[in-house]
Amino acid sequence: MRPICVRIGVLGLALVAGLAAPTAATAAPEAASAAPAPTVEERRLDGEVPREILRRSGFAAVAPAFARGLGRADSYRQARAVVAREGVALWRRAVDRVQGRGPARGDLSRDDDRPLYWARLGMTRELRAWEPGFGLSERQRAALLTELERTSRGQTDLRLPRGGHGKGVKRVLLTGFDPFTLDRDVRISNPSGAVALALDGTVIDTPDGPARVETAVFPVRWADFAEGTVERALRPYLPRVDLFTTVSQGRVGRFDVERTNGAWRGGFPDNDNVSRTETVPVADPASQPQWTTTTLPYAAITAADTGRFPVYDNTSVTEIPAGGDEPVVRPDGPTPGSTAREGGGGNYLSNEIAYRATLLRDRLGLHGTLPGGHVHTPVLQFGARNTDPAAGAVTDPEFVRNRLDIVAQTRAVVGVAVSAAGTDRD
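Position labels on residues start from 1 in each chain and follow its written sequence. Given that this is a predicted model, residues contribute local features only at a pLDDT of at least 70 and side-chain atom pairs are listed and counted only at 80 or more, while totals for whole chains, interfaces and linings are drawn from all residues. Neither water nor hydrogens contribute to the side-chain values; these are computed over all heavy atoms in the structure.

**Student:** Can you walk me through the overall build of the protein chain in this structure?
**Tutor:** Secondary structure counts use DSSP, requiring at least four H or I residues in a row for a helix and at least two E residues in a row for a strand, with both numbered from the N terminus. Counting secondary structure elements, the protein chain contains 13 helices and 14 strands. Relative to the 2.2 N^0.38 estimate, which gives 22 Å for 426 residues, the radius of gyration of the protein chain is 21 Å and therefore close to what a compact globule would have. With the C-alpha coordinates of the protein chain rotated into their principal frame, the extents come out at 60 × 50 × 50 Å. Scored against the burial criterion, the 426 residues of the protein chain give a buried share of 56%. The method behind every accessible area is Shrake-Rupley, applied with a 1.4 Å probe, and residues are considered shielded solely by the protein chains displayed. By element, 53% of the accessible surface of the protein chain is carried by carbon and sulfur atoms, the whole surface being about 16,600 Å². For this measure, only C-alpha atoms enter the radius of gyration; the expected value for a globule follows 2.2 Å times N^0.38, where N is the number of residues. Here the term buried applies to any residue with accessible area under 20% of the maximum for its type, exposed to any over 50%, and partly exposed to those in between, with areas from a 1.4 Å probe on protein chains only.

**Student:** Would you take a moment to explain the environment of N386 for this structure?
**Tutor:** With respect to the helices and strands, the residue N386 is situated in the loop between β14 (372-377) and α13 (397-425). As a C-alpha pair, N386 and Q249 span 137 residues in sequence and 20 Å in three-dimensional space. Only heavy atoms matter for contacts: two residues are in contact if any of them lie within 4.5 Å across the pair. In this structure, N386 is in contact with R187, G392, A393, T395 and D396, ignoring residues within four places of it in sequence. Engagement of the side chain of N386 in a polar contact is seen with the backbone nitrogen of A393, the distance being 2.9 Å. Under this definition, polar contacts are N or O atom pairs within 3.5 Å; protein pairs additionally need one hydrogen-donor-capable and one acceptor-capable atom, and for neighbouring residues in sequence, both atoms have to be side-chain atoms.

**Student:** When you look at the packing of helix α4 (residues 62-71) against helix α5 (residues 76-98) in this model, what are you seeing that I'm missing?
**Tutor:** Angle between the axes and distance between the axes: these two values describe a pair of packed helices. As a rule, the C-alpha atoms of each element are fitted with a line to give its axis, helices using only the stretch in contact, and angles between N-to-C directions run from 0 to 180 degrees. One way to put it is that α4 packs onto α5 with a least axis distance of 10 Å and a crossing angle of 160 degrees. Put simply, α4 runs roughly antiparallel to α5. Considering how the two elements wind past one another, α4 and α5 form a crossing that is right-handed. Of the residues in α5, those in contact with V62, F66, G69 and L70 of α4 are A79, V82, V83, E86, L90 and R93. Three classes are used, and their members are as follows: Ala, Val, Leu, Ile, Met, Phe, Trp, Tyr, Cys and Pro are nonpolar, Asp, Glu, Lys and Arg are charged, and the others, Gly among them, are polar. Tallied by class, residues from the contact of α4 with α5 come to 7 nonpolar, 1 polar and 2 charged. Geometric relationships in this document are graded by angle, where less than 35 degrees denotes roughly parallel, more than 145 denotes roughly antiparallel, 65 to 115 denotes roughly perpendicular, and other angles denote oblique. The handedness criterion is simple: a crossing whose near helix is rotated anticlockwise from the far helix by less than a right angle is left-handed, and one whose near helix is rotated clockwise is right-handed.

**Student:** Is there a simple way to explain the pattern of salt bridges in this structure?
**Tutor:** One side chain can pair with another of opposite charge once the charged atoms of both are near each other. One speaks of a salt bridge when a side-chain nitrogen belonging to Lys or Arg is within 4 Å of a carboxyl oxygen belonging to Asp or Glu. For the coordinates displayed, the defined rule picks out 40 salt bridges. For R187, the salt bridge identified is with D185, shortest N-O distance 2.9 Å. Like R187, the residue D185 is buried in the burial classification. Residues participating in the shared-partner salt-bridge network are E41, R120, E149, R153, D178, R221 and D224.

**Student:** I tried to follow the pairing of strand β4 (residues 243-249) on my own but got confused; where do I start?
**Tutor:** Where a strand is regular, its side chains alternate between the two sheet faces. Within β4, 7 of the 7 residues are buried, which leaves the element mostly enclosed by the surrounding structure. Alternating positions in β4 separate into two faces, L243, T245, V247 and Q249 on one and F244, T246 and S248 on the other, with burial throughout. When DSSP locates at least two bridges between a pair of strands, those strands are taken to pair. Examined bridge by bridge, strand β1 (residues 170-177) and β4 share 4 bridges and lie parallel to one another. Across the sheet, L173 pairs through a bridge with F244, a residue of β4. Of the strand pairs in this sheet, β4 and β14 are connected by 6 bridges, and their pairing is parallel. Bridge pairing links S248 to H376 in β14.

See the structure below:
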């Protein structure tokens, strides 16, 4: 999820004060309001590709069944129970499908992250259009949509093992993203989302002992990040984990451990075709740093043989030097007093989640004790003969192989990071 990838034509985890203002989670009774129109994201569901992905994965019936459940709700309280139950069920179903539990219900390969994305959008569209007889205020509908987003993304399903740091099973928190740049190619899958589904609840054996991985995914929308979705999801867990990494899709043919993250939004359109060019909005901006840094063991990760893609320690940033007014690329990281324009991971939402997660780590006083940062995977590419979005197939053998290889190598990277971080603590 880097603007640089788009420029070269590539498709492709708070303190009490918080890092950003939360959205309303509950609402007092208000007058009923008309159902809002579908979002830009939701309107893409009308295309043949999303319908094919849902049909070939067995997820086509998810949204209609959800609508029927909503229709049986006689109160806001009942509706919220339906939303929470069905959101969790969608996440678990997607994880189970990817991890080989239960029937595949379709010929789409089990490693595919896209059924979760499109089924969730079908559910949010149904919820947005729902007009119950008991009346629903705008704030209540917004709270239901927030609940559906959180539950269906695994953010309420993070089951960390008990025990203290360094005792027993290590605890790892990993995040991924939805597909994006869908107007360029609506067939797109996001390998980071596939990684999250494949690793959720799994145990990785490392030389430093077993590590349990818990995962969640996040939307590719500027507004959700400004409203604090990252901080709300991660704050309860960062003090309890042994390592965290946010993950997203980055450059072609390579992994990158991003050394530095910048406090700047570069304006590239999100999945609702909204642009934002501004300083990353967080709580207490007066104490906001321009840069945050990884505490992942990048030297050990880049030195290890984790798979077929090379892994780099990416130290480059783009800054406006102190006293200057023009952006300058710095291959070795930012200079003192500079203003961020791109972190190592660019200035899109992958950089922002890395910035927010590492700033949260630092504001919680965990910089010196909690390894965490951002990993960019290679771009997930279709086969050489399947590059026309208008006429191409939604999947092909090389596409599946690439995704499986990226997932396997990310798992190996996490294993190396856990082992190296444990060695460093010793």
